[in-house]
Structures are given as C-alpha cells and as structure tokens.
Amino acid sequence: MNLFRKKSIQALIQEAGNKEVTLKKDLGAFDLTMLGIGAIVGTGIFVLTGVAAAIHAGPALIISFILSGLACIFAALCYAEFASIVPVSGSAYTYSYAIFGEIVAWLLGWVLILEYGLAASAVASGWSGYFQGLLSGFGIHLPKAITSAYNPTEGTFIDVPAIFILVIITYLLTQGAKKSARFNTVMVIIKVTVVLLFLGVGVWYVKPENWTPFMPFGFSGVAAGAATVFFAYIGFDAVATAAEEVKRPQRDLPIGIIASLLICTLLYIVVSAVLTGIVPYTDLNVKNPVAFALSYIHQDWVAGFISIGAIAGITTVLLVMLYGQTRLFYAISRDGLLPKFFTKVSKKKQTPVVNSWITCLIVSFFAGVVPLNKLAELVNIGTLSAFMTVSIGILYLRKNNQTLNTGFRVPLVPLIPILAFLFCGYLALQLPALTWISFAVWIVIGLLVYFVYGRKHSSLNHTEEKVKKVS
C-alpha cells in the first residue's frame, strides 16, 4: 500500500460535513483570539522569564523573546493560510494529509499528541503547585501523599489536585465550545489584568543600570534563552484545531492565530524589560520571578494578585491544551488511524464527550502518577517539527497552485515560509541531545502503531477498494 497516499483538500472539507452529528459552529474571531492568549500566556511569563535571564540571556532576554516570537509569527502566518484553506479539525496533521501523504500526517499527528498531552500533564502539575501554595496561605495543608506524583522516597504517591483540575476542565469542555470559550475569556481577562498590574507598579522601580551588561553571555546565551522561552509561546497552533467549530473560518481563524500571537509577544517583551530593569539578572534564578521582583521592591501587596493571575493563566493553558488534544484525536480517528470511538459526537452537546473523558484519563495518569521532569522538554521539539512541516507545506501549495483566491494568504512567499523553517530549525538545534534521542524513540513507537493498526484501518483503504471494484 502507498504510504504517501493523500486526501485532497476538497475531500477533507467534504468529510468534515458528511457526519450525521457534527461539531457545533459557535466561535468567532474574538473567541479564537482569547483561546490563543489563553494557551500562550501561562507558566512562561510567570516562571521561565527569571531562569532564562539568570542562566542564559541576562537583560538580552528581550532579544530571546523577539527571536522566539519571530519564529512563531512566521510559522503563524503559514498556519493562518492553511486554516483558511482547510477549515477542518486536526491542525498540522490535517494539512499534512493533503500535502505530504498519510505516513507523514500520521507521524506529525503522533508528535502533536505528545505536544498536547505532555504539555497538559506538565501544566496540570504546575497548577497543583500554585493551588497548594494558595491553600497554604490560608493555613490549609493537604496530606503529603496526595500532593505530587509517585515518589516513595519523598513520601508522595499521587497528585490529587492535578487530577481534580483535569476532571473539572474536561467536564467544562464536554458542555460545548462556546461555554468553554466564555470561561477561557474570563480567565484571560484576569491574568492579563494581573500582568498589566505588575507592569503598572514595576515600571516606576526600573533602574537602567540593571540592563548593563546587556548581553553578558553573548549571542549564544541569547539563542539558548530563545530555545528555553520558546515553551512560553506554545499553544497558538491549538487555535487551528477549532476550525470546524468556527462560524467564518476563512476570516476568523487567521485573525485569531495572528492577533493572539502579536499580543502575547508584546506582553512578553515588556514584562522581560521591566523584570530585568527592577532586579539584577543574577538574582532572577527563582521559580516565581514576577512575585520575587515585587518583593524586591517591597510591593508585597501585589504578590497575592500575581498568584491569582498565575493560577488563572495556567488554567486557561490547560483548557486549550486539552481542547486541542481532543480535536486532534477526533480528526485522526475520523481518518481511521485511531479507533472510531474518538469521533463519537454527543447529539445534545455536539461535542466529542467519550473522546474528552478518555483524554482526561490518559493525561490524569501522567499528571497524577508519573514524574515528568525532562519529558516536558519533548513538547518543544514536537512543536518545532510541526511548525517546520507546515512552513514547507506552504511552498508546496504555491508550487502546485492549490491556494484559493479567497481567505488569508502568506505574504512574501517563499521568503516567509523559508524564514519560519530556518528559525524553527535553529531553535530545535539548541535543544539537548537527550531530547533528540527521546524524540526519535517516540517516532519509532509511532511507526509501530501505524503499521500494526493505522495502515490497516485507514479510511483510504475503503476508497482504494471501491476504485478497484469499479475498475
């Protein structure tokens, strides 16, 4: 059988509308922009900024964010064109099915499963830590055995708060995309307000001498910082997974993807400038740099708001990661490469309810029982590989004249897609060797799953059989 067999763009769109029960088209450009901000602004702005400044970039962390932001903006333009042309769930997986064929699409889908799943697990663990910190502020302490993943030497066996928030978010997702989007919007407004509060208070305590030396670790440090803070940008691609639930996908998807990324990039740059202006970069190697900076300038009254903002921020990231994971499973299952129960849609809610709870169970296992540690680094390499594939896909579209006259089109082709590929490739090369080895192992497992199950059950098999009967 042909491993590189493809589905045409027309066939993908037609299949999405052929199901008896389809996903409800409820989302607009504002909802998508809020989803994007919800996915992007989270632990990155509240945690990574300090470590990246202290260890890698110093005050030049601003440039690190610009480099990562450029890589994402170039990739986002490519995503926006695909989302406009192929308004179908599955994001980069679906695009690759039309451009590169089944085996490439499957491997990319397999990589995205890793991205969303591990990101959701890591974020749920982070949420648990912040939530327990908030409880301790009120004198409430949970039994140690249920506060973290399995580690008998530390006396912990299961992370109950992480599982608790995953169950709550999953229940919300099963109630419909619009309700989830409304909840996300409220949380986004809270966390952006908290970030603006930090900027409003902190800007008056900035000392320009703290920005000297500006690049203490040289450009190599800036590049390493860019690869580190890239995690802070992960999530905008999840907006594309909402394609089948968008009212006007050709217009709204590009707006949501690009607007959310531009807003977040601006926030990151300003926060890193104020942060390194308040506190000498050498003192920022802490887990809570924003709250630490406020304590440094004796503005502890704002620190409580920062904790609330961090919890709201992490909650929205978790919501969008789980949302993206369920829609990815939905798209892959519809093509037959995963079991069909992932495509079952509730007639009442018009959401994939069974899919959502299975996803919750899997992610809860990793978040509640398995210590993630270095596995979370795989999220970066998975995302970068998806971005690179989508960028090359735009070149293929243009070469074969498969673009539409309506909808969004990437400007300055082939320059923008090539820059997206090169920027993302450069960031991927900055990742540790262990990450690359682990990524290779995941790919091998994916190939085994495809040849044992996916290739045999692919919906394209039925199409090929029909063609043979007719001939």
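The structure contained in this document is the topic of the report that follows. Please read all numbers here as calculations on a predicted model, not as lab measurements.

1. Some remarks on the overall build of the chain
Step number 1: Along the chain, the regular secondary structure elements total 17 helices and zero strands.
Step number 2: For 471 residues, the compact-globule formula gives about 23 Å, and the C-alpha radius of gyration of the chain, at 22 Å, lands near that figure.
Step number 3: Judged by the C-alpha coordinates and their principal axes, the chain covers about 80 × 50 × 40 Å.
Step number 4: Scored against the burial criterion, the 471 residues of the chain give a buried share of 56%.
Step number 5: Residue pairs at least 24 apart in sequence account for 83% of intrachain contacts in the chain once pairs closer than 6 positions are excluded.
Step number 6: Here the chain displays about 18800 Å² of accessible surface, and carbon together with sulfur accounts for 69% of that area.
Step number 7: Between the averaged position of the 32 positive side-chain charges in the chain and that of its 20 negative side-chain charges there is a distance of 8 Å.

2. Digging into the layout of surface pockets
Step number 1: Its volume calculated, the second largest pocket comes out at about 370 Å³.
Step number 2: The wall of the second largest pocket is formed by 17 residues, among which Ile113, Leu114, Leu118, Phe366 and Trp442 lie closest to the centre.
Step number 3: Every element with two or more residues in the lining of the second largest pocket is listed here: helix 6 (102-137), helix 12 (300-334), helix 13 (353-368) and helix 16 (433-457).
Step number 4: Along the lines of polarity and charge, the residues of the lining of the second largest pocket split into 12 nonpolar, five polar and no charged.

3. Thoughts on the packing of aromatic side chains
Step number 1: Going through the model one piece at a time under the given rule, you end up with 18 aromatic pairs.
Step number 2: Ring geometry for phenylalanine 82 versus tyrosine 95: centroids 4.8 Å apart, planes at 10°, classification stacked. Highlighted residues: phenylalanine 82 in helix 4 (residues 61-85) and tyrosine 95 in helix 5 (residues 92-99), separated in sequence by 13 residues.
Step number 3: The exposure class of phenylalanine 82 is buried, given its relative accessible area of 2%.
Step number 4: Geometrically, the ring pair formed by tyrosine 93 and tyrosine 97 is edge-to-face, given 5.8 Å between the ring centres and 75° between the ring planes. Separated by four residues within a single helix, tyrosine 93 and tyrosine 97 lie in helix 5, roughly one turn from each other.

4. Brief notes about empty space enclosed by the protein
Step number 1: Scanning all chains against the criterion turns up four cavities of 30 Å³ or more.
Step number 2: Its volume calculated, the second largest cavity comes out at about 50 Å³.
Step number 3: Lining of the second largest cavity is provided by 10 residues; of these, Leu12, Glu15, Val88, Arg334 and Asp335 occupy positions nearest its centre.
Step number 4: Contributions of two or more residues to the lining of the second largest cavity are made by helix 1 (9-18), helix 5 and helix 12.
Step number 5: No other element matches the three residues that helix 1 contributes to the lining of the second largest cavity.

5. What about the side chain of serine 96?
Step number 1: Looking at the element boundaries, serine 96 is found in helix 5.
Step number 2: For serine 96, a relative accessible area of 2% corresponds to the buried category.
Step number 3: Excluding its chain neighbours within four sequence positions, the residues that come into contact with serine 96 are Gly101, Ala105, Leu108 and Thr389.

6. Regarding the packing of helix 6 against helix 7 (residues 160-174)
Step number 1: Their axes nearest at 8 Å, the elements helix 6 and helix 7 cross at an angle of 110°. Looking at the two axes, helix 6 sits roughly perpendicular to helix 7. For the pair helix 6 and helix 7, the sense of crossing is right-handed. Facing helix 6, whose interface residues are Ala124, Ser125, Trp127, Ser128, Phe131 and Gln132, helix 7 presents Pro161, Ala162, Phe164, Ile165 and Leu166.
Step number 2: When the residues that make up the contact of helix 6 with helix 7 are grouped by side-chain class, the tally is eight nonpolar, three polar and no charged.

7. Overview of unusual backbone geometry
Step number 1: Proline 213 follows threonine 212 through a cis peptide bond whose omega is -5°.
Step number 2: Note that proline 213 resides in the loop between helix 8 (177-202) and helix 9 (218-229).
Step number 3: Here valine 413 and proline 414 are connected by a cis peptide whose omega angle stands at 15°.
Step number 4: With respect to the helices and strands, the residue proline 414 is situated in the loop between helix 14 (378-399) and helix 15 (415-429).
Step number 5: The backbone of glutamine 350 shows a phi angle near 55°, a positive value even though the residue is not glycine.
Step number 6: Relative to the helices and strands, glutamine 350 is located in the loop between helix 12 and helix 13.

8. Here we look at a nonpolar patch on the surface
Step number 1: A grouping of Phe214, Met215, Phe219 and Tyr426 is seen on the molecular surface, where their side chains present a nonpolar patch of about 360 Å² in accessible area.
Step number 2: Checked against the element boundaries, methionine 215 lands in the loop between helix 8 and helix 9.
Step number 3: Classification of methionine 215 by relative accessible area gives partly exposed; the value is 33%.

Scoring rules and cut-offs
As a convention, each chain's residues are numbered from 1 in the sequence order in which they are written. For a predicted model such as this one, the threshold for reporting local features is a pLDDT of at least 70, and the threshold for listing and counting side-chain atom pairs is 80 or more; totals across whole chains, interfaces and linings nevertheless cover every residue. The side-chain quantities take in all heavy atoms of the structure and omit both hydrogens and water. Helix and strand definitions follow DSSP, with helices as H or I runs of at least four residues and strands as E runs of at least two, each counted in order from the N terminus. Note on method: radius of gyration uses C-alpha positions; expected globular size equals 2.2 Å times residues raised to 0.38. Burial classes: relative accessible area under 20% of the type maximum marks a residue as buried, over 50% as exposed, and values in between as partly exposed (1.4 Å probe, protein chains only). Here, residues are in contact when the closest pair of their heavy atoms is within 4.5 Å. The method behind every accessible area is Shrake-Rupley, applied with a 1.4 Å probe, and residues are considered shielded solely by the protein chains displayed. His is not counted, nor are the chain ends; Lys and Arg add positive charge and Asp and Glu add negative charge. Here the site of a charge means NZ on Lys, CZ on Arg, CG on Asp, or CD on Glu. In this analysis the probe radius is 1.4 Å and the grid spacing 1 Å, with only protein atoms considered; a cavity is a set of points the probe fits into but cannot get out of, a pocket is an open set with protein on both sides within 12 Å along at least five of seven lines, and lining residues have an atom within 4 Å of a point. Grid points are joined across faces, edges and corners, and a volume is the space filled by probe spheres set on the points. Ten residue types, Ala, Val, Leu, Ile, Met, Phe, Trp, Tyr, Cys and Pro, are classed as nonpolar, four, Asp, Glu, Lys and Arg, as charged, and the remainder, Gly among them, as polar. In this analysis, rings of Phe, Tyr and Trp, with Trp reduced to its six-membered ring, are considered paired at centre separations within 6.5 Å, and the interplanar angle assigns stacked below 30 degrees, edge-to-face beyond 60, and tilted for intermediate values. Think of each axis as a best-fit line through the C-alpha atoms, taken over the contacting stretch in the case of a helix, with angles from 0 to 180 degrees between the N-to-C directions. For classification, angles of less than 35 degrees are called roughly parallel, those exceeding 145 degrees roughly antiparallel, those between 65 and 115 degrees roughly perpendicular, and all remaining angles oblique. The hand of a helix crossing depends on one turn: near helix anticlockwise from the far one by less than a right angle means left-handed, and clockwise means right-handed. Nonpolar side chains (Val, Leu, Ile, Met, Phe, Trp, Tyr) are joined into patches within 5 Å and like charges within 9 Å, using only residues with over 30% relative accessible area and no salt bridge. Every case where a carboxyl oxygen of Asp or Glu lies within 4 Å of a side-chain nitrogen of Lys or Arg is listed as a salt bridge.

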